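Structural description and commentary
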Amino acid sequence: MDKRVLVKFSGEALAGDEGYGIDTKILDYIAEEIKELVDNGVQVGIVIGGGNIIRGVTAAADGIIKRTSGDYMGMLGTVINGIAMQEVLEHKGLKARLQTAIKMEQIAEPFIVRKAARHLEKNRVVIFSAGTGNPYFTTDTAATLRATEIGASLLIKATKVDGIYDKDPMKFDDAVKLDTITYDQALEDHIKVMDDTAIALAKDNKLPIVVANMNEKGNLLKIINGDTSKCSIVK
Ligand code: UDP
């Protein structure tokens, strides 16, 4: 069994039907899935996006707010989500630690990789917030970076779809699911797994990326135990 994994959730995943904000019922569901992993001896790191609150590109769209400022607003959004995630994990009886790439000591620990590793060894779930701490990056890149830094054997991107398709399954009935693809295929324009920076970093570090349906109960543990029927893998 893979002992240490990093799971990435998009901000939108937390929003529920509203498309905005945080739905505690969804958080509760996610925490249950994470608890199953911890109960089975898996060390879990989490990266959450911020798209349910604000995205830099959108905030800067009309030219009033600068892109860099919009990106910092986006990174702060991921901290808001991280605080909520820490709460729900503790509510489930798990131990959790929120770390942030941008210092805010009253709210979260600064990101320190050795400290994160120590938490993971003690079966604490570590939530990495504020992305990479730099504008112009995404939380997918942050997830790839943190997964590599903590020596995770797998990065699981938890999404609303079963895996990677040759075209958008929401738009095309004849879209075909691809079980395994290479990093180079993932860099092709029509396959949107993650942005190119994230894929390139994963490729350099030979980090396998699994794209999986988070709404399939028990799927995360199944994947870690080697059942990849409900996901796709980039490796
Ligand atoms: N962001 C950033 N640097 C990072 C990670 C995130 O500037 O390293 C900002 C960026 O503006 C992004 C926002 O935070 O739009 C929210 O992250 P993301 O869009 O990746 O969230 P998701 O789509 O996963 O919800």
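Here the structure is a predicted model, which means the values were calculated and not measured.

Attention now goes to the UniProt feature "binding site: ATP" (unreviewed entry) in the protein chain. Look at the UniProt record and you will see "binding site: ATP" (unreviewed entry) annotated at K8, F9, S10, G11, G51, R55, T159, Y165 and D168. A maximum C-alpha distance of 25.1 Å shows the annotated residues, which cover 161 residues in sequence, to be distributed over more than one spot. Non-local contacts of K8, meaning those with residues more than four positions away in its chain, are made with V47, I48, G49, T139, D140, A143, L155, I156, K157 and A158. Only 3.2 Å separates the side chain of K8 from the side chain of T139, close enough to count as a polar contact. Note that G51 resides in the loop between β2 (43-48) and α2 (56-59). Ignoring anything within four residues of it in the chain, the contact list for G51 reads G11 and E12.

Turning to the sheet that holds strand β4 (residues 109-110), a few remarks are in order. Strand order in the open sheet made by the 9 strands is β4-β3-β5-β2-β1-β6-β10-β11-β9, with mixed pairing throughout. Among the strands making up the open sheet, the edge pair consists of β4 and β9 (180-181). For β2 and strand β5 (residues 125-129), the ladder comprises 3 bridges, and the chain directions are parallel. For V47, the partnering residue across the bridge sits in β5 and is F128. Against the sheet, helix α1 (residues 24-39) makes contact with β1 (4-9), β2 and β5, and its axis sits at roughly 155° relative to β2, the strand it touches most.

This part covers a nonpolar patch on the surface. A surface patch of nonpolar side chains, amounting to about 270 Å² of accessible area, comprises I64, I65 and M73. Within the element layout of this structure, I65 appears in the loop between α2 and α3 (67-91).

Moving on: the site of the ligand. In the vicinity of the ligand lie 21 residues, with R55, D71, T132, N134 and T139 positioned nearest. In this structure, an oxygen atom belonging to the ligand sits 2.9 Å away from a side-chain N or O atom of K8. T132 is positioned with one of its side-chain polar atoms (N or O) 2.7 Å from an oxygen atom of the ligand. Protein contacts shield 92% of the accessible area of the ligand, which totals 520 Å² for the unbound molecule. When residues of the shell around the ligand are assigned to their parent elements, the largest contribution, 3 residues, is made by α3. Considering only residue class, the shell around the ligand consists of 5 nonpolar, 12 polar and 4 charged.

Our focus in this paragraph is helix α7 (residues 196-204). Residues A198, I199 and A202 constitute the buried set of α7. Along the axis of α7, the buried positions cluster into a sector of 95°, meaning they face one direction only. For α7, the secondary structure elements touched by its buried residues are α5 (139-149), α6 (183-186) and β10 (209-213). Residue K206 follows α7 closely and has a positive phi angle near 50°.

Cut-offs and rules
- Residues numbered from 1 in each chain as written.
- Predicted model: local features only at pLDDT ≥ 70, side-chain atom pairs only at ≥ 80, totals over all residues.
- Heavy atoms only, no water.
- UniProt positions renumbered as here; feature names shortened; annotations may be inferred.
- Contact = heavy atoms within 4.5 Å.
- Polar contact = N/O pair within 3.5 Å; in protein donor to acceptor, adjacent residues only side chain to side chain.
- Helix = DSSP H or I, 4+ residues; strand = E, 2+ residues; numbered from the N terminus.
- Pairing = 2+ DSSP bridges.
- Axes fitted to C-alpha atoms, helices over the stretch in contact; angles between N-to-C directions.
- Patch = residues over 30% accessible without salt bridge, like charges linked within 9 Å, V, L, I, M, F, W, Y side chains within 5 Å.
- Areas by Shrake-Rupley, 256 points an atom, 1.4 Å probe, with all protein chains shown as cover.
- Salt bridge = Lys/Arg side-chain N within 4 Å of Asp/Glu carboxyl O.
- Near = heavy atom within 4 Å.
- Nonpolar A, V, L, I, M, F, W, Y, C, P; charged D, E, K, R; others polar.
- Buried < 20%, exposed > 50% of the residue type's maximum accessible area, 1.4 Å probe, protein only.
- Arc of directions from axis to C-beta.

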